[in-house]
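Spelled out, the chains give:
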Amino acid sequence: MPATHAPASRQADRRSTRRISAPMTVVIGNAPYAIGDWSLGGLRVLEYSGALEPGDCTAMRVFVPTAGPGALFRTSGEVRRKDDEDGSVGVAFNDLDSVAFDTLNRYFRERMLRGTV
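This structure is a prediction, so every number in the text was calculated from the model and none was measured. (Residues numbered from 1 in each chain as written. Predicted model: local features only at pLDDT ≥ 70, side-chain atom pairs only at ≥ 80, totals over all residues. Heavy atoms only, no water.)

**Q** Sorry, what's going on with the packing of aromatic side chains here?
**A** What characterises a pair of aromatic rings is the spacing of the ring centres plus the angle enclosed by the ring planes. Under the definition given, this model contains 3 aromatic pairs. Note on Tyr-33 and Tyr-48: the rings are 5.2 Å apart at their centroids and 50 degrees apart in plane angle, and the pair reads as tilted. Linking Tyr-33 in strand E2 (residues 31-39) with Tyr-48 in the loop between strand E3 (42-45) and strand E4 (57-64), this pair joins segments that are 15 residues apart in sequence. Neither Tyr-33 nor Tyr-48 differs from the other in exposure class; each is buried. Put simply, the rings of Trp-38, Tyr-107 and Phe-108 pair up and form one aromatic cluster. (Phe/Tyr/Trp six-rings, centres within 6.5 Å; stacked < 30°, edge-to-face > 60°. Helix = DSSP H or I, 4+ residues; strand = E, 2+ residues; numbered from the N terminus. Buried < 20%, exposed > 50% of the residue type's maximum accessible area, 1.4 Å probe, protein only.)

Here it is as structure tokens:
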């Protein structure tokens, strides 16, 4: 079933945190995927080829290329949207722990300082 899209203004109103397009990678199952954009509330997986549908929950490993060696954290999320046209899925994080939250927040600040948000 094709995804339905709300007008852009309604989509923006639903988001409680700013989304940025700084690069990251997420591993779902054993498959790595690029992240199109993300916030402290969730992420958009690009070119997703798995079986997840809206409402499904999944375990994830997220690689954040922060300054230095980067960081990896495990979390889970719920699929909120799936776009069959471009193959993307929107995933909301389920209760990020403090380490994951701090890692994402630090990366966000790094990108802001560089002006690459």
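**Q** I tried to follow the nonpolar core on my own but got confused; where do I start?
**A** Generally speaking, soluble globular proteins have nonpolar side chains that are buried together. Counting 25 residues, the largest nonpolar core has Trp-38 and Val-45 as its most contacted members. In terms of residues, this core owes the most to one element, helix H2 (residues 98-114), which gives 4 residues. Contact partners of Trp-38, with chain neighbours within four places excluded, come to Arg-18, Arg-19, Ile-20, Ala-22, Met-24, Leu-43, Leu-104, Tyr-107 and Phe-108. (Core = buried A, V, L, I, M, F, W, Y, C linked by side-chain atoms within 4.5 Å. Contact = heavy atoms within 4.5 Å.)

**Q** Looking at this model, I keep getting lost on the sheet that holds E3. Mind explaining?
**A** As summarised here, the arrangement of the 6 strands in space is E1-E2-E3-E6-E5-E4, forming a closed barrel in which the pairing is antiparallel. Neighbour to neighbour, the strand axes of the sheet diverge by 45 degrees on average, direction disregarded. When strand E1 (residues 25-28) meets E4, the two strands line up antiparallel, connected through 4 bridges. Considered in E4, the bridge of Thr-25 is made with Phe-63. (Pairing = 2+ DSSP bridges. Axes fitted to C-alpha atoms, helices over the stretch in contact; angles between N-to-C directions.)

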